[in-house]
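Descriptive analysis of the structure
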Amino acid sequence: MNIKPLGDRVVIKVLEAEEKTQSGIVLPGTAKEKQQMAEVIAVGAGITSDEKKKDEIKAGDKVIFSKYAGTEVKMDGKEFTIIKLADILATVE
């Protein structure tokens with residue numbers, strides 16, 4: 001089953017957070033912060049006021065998004081987040 005975002009929405013899959021700190025300390029699940037880096041799965045076809053930004057984001061891009069943005073959904077045993085295009089802050093190369 002595919003998710004097709006409507007309007008100015010983007011479907012992302014949040015990337016897994018690091019299990020260890022740089023010094024080698026293993027973090028338990030409760031100590032980890034929610035990861036703000038994700039991979040773009042699909043982009044909605046809606047036209048936004050920031051049309052140039054829409055052309056810069058495509059499926060497969062790695063992005064950084066706002067901390068409390070989006071709605072989490074679970075489909076076919078996988079977790080996705082649907083966010084507004086405006087909540088994407090940067091792309092990561």
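Residues numbered from 1 in each chain as written. Predicted model: local features only at pLDDT ≥ 70, side-chain atom pairs only at ≥ 80, totals over all residues. Heavy atoms only, no water.

Describing the pattern of salt bridges
Counting across every chain of the model gives 2 salt bridges. For Asp61, the salt bridge is made with Lys58, and the minimal N-O distance between the two is 3.3 Å. Among the residues examined, Asp61 registers a relative accessible area of 14% and is labelled buried. (Salt bridge = Lys/Arg side-chain N within 4 Å of Asp/Glu carboxyl O. Buried < 20%, exposed > 50% of the residue type's maximum accessible area, 1.4 Å probe, protein only.)

Quick notes on the side chain of Asp61
By secondary structure assignment, the location of Asp61 is in the loop between helix H1 (51-56) and strand E3 (62-65). Within the local environment of Asp61, its side chain forms a polar contact with the backbone nitrogen of Lys58, the two atoms lying 3.0 Å apart. The contacts of Asp61, once residues within four sequence positions are left out, are Ala38, Glu39, Val40 and Glu56. (Helix = DSSP H or I, 4+ residues; strand = E, 2+ residues; numbered from the N terminus. Polar contact = N/O pair within 3.5 Å; in protein donor to acceptor, adjacent residues only side chain to side chain. Contact = heavy atoms within 4.5 Å.)

Examining the sheet that holds E3
Here we have 6 strands laid out as an open sheet, ordered E4-E5-E1-E2-E3-E6, and antiparallel in their pairing. On the outer flanks of this sheet lie strand E4 (71-75) and strand E6 (88-92), each paired with one strand and no other. Ignoring strand direction, the axes of neighbouring strands in this sheet form an average angle of 45°. Judged from the 4 bridges that link them, strand E1 (residues 9-14) and strand E5 (residues 78-84) form a sheet pairing that is antiparallel. When the bridges of E5 are listed, Ile12 appears paired with Thr81. (Pairing = 2+ DSSP bridges. Axes fitted to C-alpha atoms, helices over the stretch in contact; angles between N-to-C directions.)

Observations concerning the side chain of Thr81
On the secondary structure map, Thr81 appears in strand E5. Beyond its immediate stretch of four places on either side in the chain, Thr81 contacts Val10, Val11, Ile12, Val14, Ala69, Gly70, Thr71 and Glu72.

Examining the nonpolar core
Judged by nonpolar contacts, Val10, Ile12, Ala38, Val40, Ile57, Val63, Phe65, Ala69, Ile83, Leu85 and Ile88 together constitute the single largest core of 11 residues. Setting aside residues no more than four positions away along its own chain, Val10 makes contact with Pro5, Val40, Ala42, Val43, Thr81, Ile82, Ile83, Leu85 and Ile88. (Core = buried A, V, L, I, M, F, W, Y, C linked by side-chain atoms within 4.5 Å.)

Some words on the confidence of the model for the protein chain
When pLDDT is averaged along the protein chain, the result is 81; 74% of the residues meet or exceed 70. Here H1 stands out as the element of the protein chain with the lowest mean pLDDT, 61, in contrast to E3, whose mean of 94 is the highest. (pLDDT = per-residue confidence, 0-100.)

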